[in-house]
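In case you want the letters, here they are:
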Amino acid sequence: MNLPWKRNIHKFQMKGEQFLVDANSGAVFQIDKIVWDYFVLLEKYPENIVKEKLLLNYSPQQVEDSLAELEQLKEQGLLFSDDGEIRKKANNLGTGILKSLCLHVAHDCNLRCRYCFASTGDYKGKRAIMSSTTGKAAVDFLLETSPNVPKYILDFFGGEPLLNFQVVKEVILYALEKGEALNKSFKFSLTTNATLLNKEITDFLKQYDVEVIFSLDGTPATHDAMRPFPNGKGSQQVVLKKIKEFLEARKGNNYYIRGTFTSLAPHFSESVQYLVEEGFDNISLEPVIALPEDEYAFSAEHLPVLMEEYEKLVAYYLEAKKQGKGFNFFHFATDLRNGPCLSRRIMGCGAGTEYLSIGPEGEIYPCHQLMGREGFAMGNILEKSFSLAIGNRLRENHIYKKKCTDCWARFFCSGGCHANAHLLNGDITIPYELSCVLEKKRLECLFYLQSKLGELEEREQ
């Protein structure tokens with residue numbers, strides 16, 4: 001039976017409750033048993049037969065009321081909605097405006113993380129440090145390329161960027177000076193393993209309100225198994241102590257703990273709980289992206305465990321909220337009512353057009369994960385060469401060009417990560433399937449949580 005509506009409607013159950021999602025409108029509904037049964041039957045029978053089947057188990061009044069409610073939602077454009085206008089937008093996305101740079105100030109690292117996509121810092125090339133001349137040239141490049149943008153973003157990345165803190169410092173001061181002269185502002189972030197933090201660095205990052213993303217995987221056993229020093233010694237205790245000292249000095253704001261979990265320790269909800277108990281309240285834990293031959297990679301056989309872990313995390317998250325010990329978990333923090341703009345929902349991250357990565361020697365790539373990969377070089381700021389051809393190819397690789405058009409989650413994940421698709425499938429148009437499955441599960445958890453949190457708010461009022 002041809003069921004064109006199924007590509008836009010998704011139903012799921014969690015903890016004994018039923019939910020319905022309309023992909024095009026973005027509407028999410030908690031539904032009762034009769035509406036659930038309606039959609040189950042609609043997958044098997046024509047609509048006139050569905051009504052007859054419902055009358056076998058429900059009263060005429062119940063059936064009429066439920067069908068009338070569904071019809072009202074349809075008239076409001078919230079259910080069985082059409083994506084014609086969205087498709088038109090997809091065909092006219094424009095070129096995008098560069099707003100953000102990721103500066104790879106150090107293609108080197110003082111740790112030897114086993115799963116590092118940057119090949120322990122050198123990106124499968126040579127170890128290198130960015131000069132202040134290159135860093136400042138990157139700022140100039142950003143200002144000259146997008147002169148009409150009022151606020152820019154600079155991310156400092158590696159390897160380990162604190163191996164080159166002096167350049168980080170000089171570039172931030174230079175950007176602020178240039179911005180003030182042009183009536184522009186900058187937002188800064190820095191991703192670090194925390195091992196090199198000291199008072200000078202802490203004071204500077206606090207003074208200039210730099211958001212800091214810390215790499216910490218969880219418990220000592222979990223973290224040390226994947227993130228050792230070059231001598232093989234685990235780094236967790238050093239990292240944990242340094243992060244706590246840093247957050248105490250700046251009163252705990254403007255940071256994220258960003259960890260990775262692998263198939264060797266798939267019970268990541270325990271790591272989240274550990275991090276919360278250690279006093280952290282902004283947490284992101286992500287599944288490792290690895291090649292199938294890597295011993296720590298995930299495969300389809302791990303999915304049942306991972307699905308269960310997300311549901312365990314949901315229960316823990318809700319209980320923490322009830323006890324006044326709530327925390328932010330990245331994948332549960334999306335505001336469904338004020339989500340990304342339509343173009344972002346269609347084409348995703350903006351890599352290659354709105355966001356670029358600059359290597360230590362001025363090389364330009366679409367993003368930090370594609371840095372150094374063959375076929376993705378876009379030029380060099382020091383050589384005054386820059387081509388948008390690859391960026392435009394990525395921008396045009398939107399959900400209607402990928403194998404996403406029949407997926408109910410397409411406007412929530414925007415087609416997934418280009419770099420992951422390229423790494424696992426050798427083709428940016430073919431999303432990494434395991435990531436797709438996990439993203440759908442996270443979305444279901446998010447929908448369920450927002451329903452439960454809404455109930456908690458109502459009780460507190």
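From a predicted model like this one, the values you see are computed outputs, not experimental measurements.

What counts and how
- Residues numbered from 1 in each chain as written.
- Predicted model: local features only at pLDDT ≥ 70, side-chain atom pairs only at ≥ 80, totals over all residues.
- Heavy atoms only, no water.
- Core = buried A, V, L, I, M, F, W, Y, C linked by side-chain atoms within 4.5 Å.
- Buried < 20%, exposed > 50% of the residue type's maximum accessible area, 1.4 Å probe, protein only.
- Contact = heavy atoms within 4.5 Å.
- Pairing = 2+ DSSP bridges.
- Helix = DSSP H or I, 4+ residues; strand = E, 2+ residues; numbered from the N terminus.
- Axes fitted to C-alpha atoms, helices over the stretch in contact; angles between N-to-C directions.
- Salt bridge = Lys/Arg side-chain N within 4 Å of Asp/Glu carboxyl O.
- Phe/Tyr/Trp six-rings, centres within 6.5 Å; stacked < 30°, edge-to-face > 60°.
- Right-handed = clockwise from strand over helix to strand, strands pointing away.

Asks: How would you explain the nonpolar core if you had to name every residue and give the values?
Replies: Leu-101, Leu-103, Leu-154, Phe-156, Phe-214 and Phe-280 are the most contacted members of the largest nonpolar core, which has 111 residues in total. Dropping the residues within four chain positions of it, Leu-103 is found in contact with Met-130, Gly-135, Ala-138, Leu-154, Asp-155, Phe-156, Phe-157, Val-171 and Ile-358. Ranked by size, the runner-up nonpolar core spans 20 residues in total, among them Leu-20, Ile-31, Leu-54 and Leu-73.

Asks: Explain the pairing of strand 1 (residues 9–14) to me, and be specific about the residues and the numbers.
Replies: Summarising the sheet, strand 1 and strand 2 (residues 17–22) pair through six bridges and their orientation is antiparallel. Paired with Phe-12 across the two strands is Phe-19, which belongs to strand 2. Where strand 1 hands over to strand 2, the hairpin turn is made up of two residues, of which Lys-15 adopts a positive phi near 50°.

Asks: I'd love a proper account of the sheet that holds strand 8 (residues 185–192), names of residues and values included.
Replies: Here 11 strands make up an open sheet; going across it, the order is 12-11-10-9-8-7-4-13-14-15-16 and the pairing mixed. This sheet does not close on itself; its edge strands, each paired only once, are strand 12 (328–329) and strand 16 (385–386). Two elements, strand 8 and strand 9 (residues 211–215), share four bridges in a ladder whose sense is parallel. Directly across from Ser-189, in strand 9, lies its bridge partner Glu-211. Most of the contacts of helix 6 (residues 165–182) go to strand 8, to which it runs at about 165°, and overall it touches strand 4 (100–104), strand 7 (151–157) and strand 8. Together, strand 10 (255–261), strand 11 (282–287) and strand 12 form the strand contacts of helix 10 (residues 268–277), whose direction differs from that of strand 11 by roughly 160°.

Asks: Report on the pattern of salt bridges, specifying residues and quantitative values.
Replies: Considering all chains together, one arrives at 19 salt bridges under this definition. Close ionic contact of Arg-127 with Asp-108 constitutes a salt bridge, the shortest N to O distance being 3.0 Å. One end of the pair, Arg-127, is in the loop between strand 5 (106–107) and strand 6 (128–129); the other, Asp-108, is in the loop between strand 5 and strand 6, and 19 residues separate them in sequence. Glu-354 serves as the salt-bridge partner of Arg-395, at 3.2 Å between the closest nitrogen and oxygen. Taken together, the residues span a long stretch of sequence, with Arg-395 in helix 13 (residues 389–395) and Glu-354 in the loop between helix 12 (342–347) and strand 13 (355–358) at a distance of 41 residues. Judged by its relative accessible area of 6%, Arg-395 is buried. Connected through shared salt-bridge partners, Glu-17, Lys-452 and Glu-455 make up one network.

Asks: So what's going on with unusual backbone geometry? Residues and values would help.
Replies: Cis geometry is adopted by the peptide bond preceding Gly-159, which originates at Gly-158 and carries an omega value of 15°. For Ala-194, which is not glycine, the phi dihedral falls at a positive 80°. A relative accessible area of 0% places Ala-194 in the buried class. At Asn-254, a position not held by glycine, the phi torsion is positive, near 60°. Along the polypeptide, Asn-254 turns up in the loop between helix 9 (236–249) and strand 10. Accessibility expressed as a relative area gives 24% for Asn-254, which makes it partly exposed.

Asks: Pulling in residues and values, what's your account of the side chain of His-223?
Replies: Relative to the elements of secondary structure, His-223 occurs in helix 8 (residues 220–226). In this view, His-223 contacts Ser-215, Leu-216, Asp-217, Gly-218, Ser-235, Gln-236 and Val-239; residues no more than four positions away in its chain are not counted.

Asks: Any chance you could break down the packing of aromatic side chains for me, citing the residues and the numbers?
Replies: Applying the stated criterion across every chain, the model contains 25 aromatic pairs. Here the aromatic rings of Trp-408 and Phe-447 are separated by 6.4 Å at their centres, their planes lie at 55°, and the arrangement is tilted. Highlighted residues: Trp-408 in the loop between helix 13 and helix 14 (410–413) and Phe-447 in helix 16 (residues 433–460), separated in sequence by 39 residues. Look at Trp-408 and you get buried, because its relative accessible area is 8%. Every member of this aromatic cluster is reached through a ring pair, and the members are Phe-12, Phe-19, Trp-408, Phe-412, Phe-447 and Tyr-448.

Asks: Lay out the pairing of strand 8 with the relevant residues and their values.
Replies: The sheet contact formed by strand 7 and strand 8 spans six bridges and is parallel. Paired with Tyr-152 across the strands is Phe-186, a residue of strand 8. As a crossover connection, the stretch from strand 7 through helix 6 into strand 8 is right-handed. Read from strand 8 through helix 7 (residues 199–207) to strand 9, the crossover connection turns out right-handed.

Asks: Break down the sheet that holds strand 1 for me, citing the residues and quoting the values.
Replies: Sheet architecture is open: three strands sit in the order 1-2-3, paired in antiparallel fashion. A strand with exactly one partner marks an edge of an open sheet, and here the two such strands are strand 1 and strand 3 (28–31). Put simply, the sheet's adjacent strands are angled 25° from each other on average, direction ignored. Note: strand 2 against strand 3, four bridges, orientation antiparallel. The residue of strand 3 that forms the bridge with Gln-18 is Ile-31.

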